[in-house]
Amino acid sequence: GDSVTQMEGPVTLSEEAFLTINCTYTATGYPSLFWYVQYPGEGLQLLLKATKADDKGSNKGFEATYRKETTSFHLEKGSVQVSDSAVYFCAYYSGTYKYIFGTGTRLKVLA
Amino acid sequence: GAVVSQHPSWVICKSGTSVKIECRSLDFQATTMFWYRQFPKQSLMLMATSNEGSKATYEQGVEKDKFLINHASLTLSTLTVTSAHPEDSSFYICSAHDRAGDTIYFGEGSWLTVV
């Protein structure tokens, strides 16, 4: 069935380290792909998105490229900050405003 | 920007009692809201779609008599967990569709613990 698989956390990094959070999906067709972020005590916020193959979404130094061949949408950031500590959710849009989410990956960045 | 607020953020209730979680769109009208549930180490799972002024649409496997959804106004949807049991303990999160901007906004989520 349709699903999103993302790496289990928590991920703990030092400030300025390189970040990769893997995400792969199983879906019919080529859905739009998203990364959401949830900071402590807040709702999920859209971080970035890509709507078609080879698109690269980017925001706040984060990037993810829609790879049709590998059905992946890995999240990367070259230099993380303490303020990036949050839970990151990979998701795709399954239609009629419905999303399929991954389990979320908690990131903790140490000063 | 648009905000969706959930209340309460944390709730502990006794087994057999009912608990209500509210989801409000604070600065836009939401004809459609969604309720998700997340068990530990599992994905956010869509439970139901809440439509203003009509019955909610439940996903397969979700008990409609157990999880009562009411969407009586354009800014408020409620989820009531009836006769709660410890296995209902979970993280519940709502989202709302802002038709004007064609955007989905999420609430901050509610942690339910049934003891």
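See the structure above.
## Considerations on the overall build of chain B
Then, in step 1: Helix and strand content of chain B: zero helices and 11 strands.
Then, in step 2: On C-alpha atoms alone, chain B measures out to a radius of gyration of 13 Å, which is about the 13 Å that the 2.2 N^0.38 rule sets for 115 residues.
Then, in step 3: Dimensions of chain B, computed from C-alpha atoms along their principal axes, come out at roughly 40 × 25 × 25 Å.
Then, in step 4: Buried residues in chain B amount to 50% of all 115 residues.
Then, in step 5: Within chain B, counting contacts between residues at least 6 apart in sequence, those at least 24 apart form 53% of the total.
Then, in step 6: Here chain B displays about 5,700 Å² of accessible surface, and carbon together with sulfur accounts for 51% of that area.
Then, in step 7: Distance between charge centres in chain B, computed from 9 positive and 11 negative side chains, equals 6 Å.

## So, the interface of chain B and chain A
Then, in step 1: Taken together, the contact between chain B and chain A spans 18 residues of the former and 15 residues of the latter.
Then, in step 2: Interface of chain B and chain A: buried area, both sides summed, is about 1,300 Å²; carbon and sulfur atoms make up 62% of it.
Then, in step 3: The tally of links from chain B across to chain A stands at zero salt bridges.
Then, in step 4: Seen at the junction of chain B and chain A, the total is four residue pairs in polar contact (both at pLDDT 80 or more).
Then, in step 5: Across the side of chain B that touches chain A, the residue classes tally to eight nonpolar, six polar and four charged.

## Some details on the sheet that holds strand β3 (residues 19-21) of chain A
Residue and element names in this part refer to chain A.
Then, in step 1: The four strands are arranged β3-β9-β8-β7 in an open sheet whose pairing can be described as antiparallel. The sheet is open, and its two borders are formed by β3 and β7 (56-59), each paired with just one other strand. Taking each pair of neighbouring strands and ignoring which way they run, the sheet shows an average axis angle of 15°.
Then, in step 2: In terms of strand pairing, β7 meets strand β8 (residues 62-65) through four bridges, oriented antiparallel. Within β8, the position partnered with Ser58 by the bridge is Glu63.

## Description of the pairing of strand β5 (residues 44-51) of chain B
Residue and element names in this part refer to chain B.
Then, in step 1: β5 sits mainly inside the fold: six of its eight residues count as buried.
Then, in step 2: Pairing geometry for strand β4 (residues 32-38) and β5, over seven bridges, is antiparallel. Of the residues in β5, the one forming a bridge with Phe34 is Thr49.
Then, in step 3: In this structure, the hairpin formed by β5 and strand β6 (residues 57-58) is closed by a connection of five residues, where Gly53 is found at a positive phi of approximately 80°.

## Here we look at the state of the cysteines
Then, in step 1: This model, assessed by the stated rule, comprises two disulfides over all chains.
Then, in step 2: With a sulfur-sulfur separation of 1.9 Å, Cys23 of chain A is cross-linked through a disulfide to Cys90 of chain A. With the S-S dihedral at roughly -70°, the linkage between Cys23 of chain A and Cys90 of chain A falls on the left-handed side. You can see Cys23 of chain A sitting in strand β4 (residues 23-26) and its partner Cys90 of chain A sitting in strand β10 (residues 86-95), a full 67 residues away along the chain.
Then, in step 3: Overall, Cys23 of chain A belongs to the buried group, its relative accessible area being 1%.
Then, in step 4: Overall, Cys90 of chain A belongs to the buried group, its relative accessible area being 2%.
Then, in step 5: One disulfide in the model links Cys23 of chain B with Cys94 of chain B; its S-S distance is 2.0 Å. Here Cys23 of chain B and Cys94 of chain B share a disulfide; its torsion about the S-S bond, 80°, makes the bridge right-handed. Residue Cys23 of chain B is located in strand β3 (residues 19-25), and its partner Cys94 of chain B is located in strand β9 (residues 90-98); the two are separated by 71 residues in the primary sequence.

## Some words on the pattern of salt bridges
Opposite charge on two side chains makes pairing possible when the charged atoms of those side chains draw close.
Then, in step 1: Per the stated rule, a full pass over the model turns up five salt bridges over all chains.
Then, in step 2: A salt bridge links Glu63 of chain A to Lys56 of chain A; the shortest N-O distance between them is 3.6 Å.
Then, in step 3: For Asp88 of chain B, the salt bridge goes to Lys66 of chain B, with nearest N and O atoms at 2.7 Å. Residue Asp88 of chain B is located in the loop between β8 (76-81) and β9, and its partner Lys66 of chain B is located in the loop between β6 and β7 (67-73); the two are separated by 22 residues in the primary sequence. The residues Asp88 of chain B and Lys66 of chain B share a single accessibility class, namely buried.

## Brief notes about the sheet that holds β8 of chain B
Residues and elements named next belong to chain B.
Then, in step 1: The antiparallel open sheet is built from four strands, whose spatial order is β1-β3-β8-β7. Edge positions in the open sheet fall to β1 (4-7) and β7, since each of these has one partner strand only. Shown here is a sheet whose adjacent strand axes are inclined to one another by a mean of 15°, direction ignored.
Then, in step 2: Where β1 and β3 come together, four bridges link them in antiparallel fashion. From the neighbouring strand, His7 faces β3, where its bridge partner is Glu22.

Conventions used here
- As a convention, each chain's residues are numbered from 1 in the sequence order in which they are written.
- Written order determines the labels here, with chains lettered from A and ligands numbered from 1.
- For a predicted model such as this one, the threshold for reporting local features is a pLDDT of at least 70, and the threshold for listing and counting side-chain atom pairs is 80 or more; totals across whole chains, interfaces and linings nevertheless cover every residue.
- Excluded from the side-chain calculation are hydrogens and water; included are all heavy atoms of the structure.
- For the purposes of this entry, the term helix denotes a DSSP run of H or I that reaches at least four residues, the term strand denotes a run of E that reaches at least two, and both are numbered from the N terminus.
- All radius of gyration figures rest on C-alpha atoms, and the globule criterion is 2.2 Å times the number of residues raised to 0.38.
- For every residue, the accessible area (1.4 Å probe, protein chains only) is compared with the maximum for its type, and the residue is labelled buried under 20%, exposed over 50%, or partly exposed between those bounds.
- Two residues qualify as a contact provided that any one of their heavy atoms is within 4.5 Å of a heavy atom in the partner residue.
- Accessibility throughout is a Shrake-Rupley quantity obtained with a 1.4 Å probe, and a residue counts as covered only by protein chains that appear here.
- Neither His nor the chain termini are counted; the positive set is Lys and Arg, and the negative set is Asp and Glu.
- By convention, charge coordinates are those of NZ in Lys, CZ in Arg, CG in Asp, or CD in Glu.
- Accessible area, probed at 1.4 Å, shrinks when two parts are joined; the buried area is that loss added up over both.
- When a carboxyl oxygen of Asp or Glu lies within 4 Å of a side-chain nitrogen of Lys or Arg, that pair is called a salt bridge.
- Pairs of N or O atoms within 3.5 Å make up the polar contacts considered here, provided that, within protein, one atom can donate a hydrogen while the other can accept it, and that residues adjacent in sequence are counted only when both atoms are side-chain atoms.
- Under the scheme applied, nonpolar residues are Ala, Val, Leu, Ile, Met, Phe, Trp, Tyr, Cys and Pro; charged residues are Asp, Glu, Lys and Arg; polar residues are all the others, including Gly.
- For two strands to be treated as a pair, DSSP must find at least two bridges joining them.
- The axes used here are C-alpha line fits, helices contributing only the stretch in contact, and every angle between their N-to-C directions lies in the interval 0 to 180 degrees.
- Count a disulfide wherever a pair of cysteine sulfur atoms falls within 2.5 Å.

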